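Residue-level listing of the chains:
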Amino acid sequence: MLDREKDLYDPRDGLYKLSANAALVFADWCVYVMGRAVDWDEIADEADACDLVEPGPAGIPRKS
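What counts as what
- Residues numbered from 1 in each chain as written.
- Predicted model: local features only at pLDDT ≥ 70, side-chain atom pairs only at ≥ 80, totals over all residues.
- Heavy atoms only, no water.
- Salt bridge = Lys/Arg side-chain N within 4 Å of Asp/Glu carboxyl O.
- Helix = DSSP H or I, 4+ residues; strand = E, 2+ residues; numbered from the N terminus.
- Buried < 20%, exposed > 50% of the residue type's maximum accessible area, 1.4 Å probe, protein only.
- Contact = heavy atoms within 4.5 Å.
- Axes fitted to C-alpha atoms, helices over the stretch in contact; angles between N-to-C directions.
- Nonpolar A, V, L, I, M, F, W, Y, C, P; charged D, E, K, R; others polar.
- Phe/Tyr/Trp six-rings, centres within 6.5 Å; stacked < 30°, edge-to-face > 60°.

> Please clarify how the pattern of salt bridges should be interpreted in this entry.
Where side chains of opposite charge bring their charged atoms close, a pairing between them can arise. Summed over the entire model, instances satisfying the criterion amount to six salt bridges. With a shortest N-O distance of 2.8 Å, arginine 12 and aspartate 10 are connected by a salt bridge. For the salt bridge of aspartate 51 with arginine 12, the shortest nitrogen-to-oxygen distance reads 2.7 Å. A residue pair is termed long-range when its members are at least 10 positions apart, and aspartate 51 in the loop between helix H2 (40–50) and strand S3 (53–55) and arginine 12 in the loop between strand S1 (8–10) and strand S2 (15–17) qualify at 39 residues. Overall, aspartate 51 belongs to the partly exposed group, its relative accessible area being 30%.

Written out as structure tokens, the structure is:
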């Protein structure tokens, strides 16, 4: 569990910023905690998928 706020790298725009995007959080953990390399193009695609908004059961938009 991470208990601090940290700017995450977003390969879609090349900026570091706060984000709750699961793909960006995972990539940050892989790179900075585990010391692994990641495919930033794949992370960008996954981050886009994490940002999709779909209607929930009541028709209210929610992140998928």
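The structure having been displayed, the exposition proceeds.
> Looking at this structure, I do not really get the environment of valine 31. What am I missing?
Structurally, valine 31 is set in helix H1 (residues 22–33). Contacts of valine 31, omitting those with residues within four sequence positions, involve Arg36, Val38 and Trp40.

> Explanation requested: the packing of H1 against H2 in the structure shown.
Between two packed helices, what matters for the description is the angle formed by their axes and the separation of those axes. Put simply, H1 and H2 touch, their axes get as near as 7 Å, and they point 150 degrees apart. Along its contact with H1, which presents Ala22, Ala23, Leu24, Ala27 and Val31, the element H2 presents Trp40, Ile43, Glu46, Ala47 and Cys50. Residue classes in the contact of H1 with H2 are distributed as nine nonpolar, no polar and one charged.

> Just to check I follow, could you spell out the packing of aromatic side chains for this structure?
Here a ring pair, both rings aromatic, is described through the centre-centre distance and the interplanar angle of the planes. Under the definition given, this model contains three aromatic pairs. Relative to tryptophan 40, the ring of tyrosine 9 has its centre 5.0 Å away and its plane inclined at 85 degrees; by these criteria the two rings are edge-to-face. With tyrosine 9 in strand S1 and tryptophan 40 in helix H2, this residue pair connects regions lying 31 residues apart in the sequence. What makes tyrosine 9 partly exposed here is its relative accessible area of 23%.

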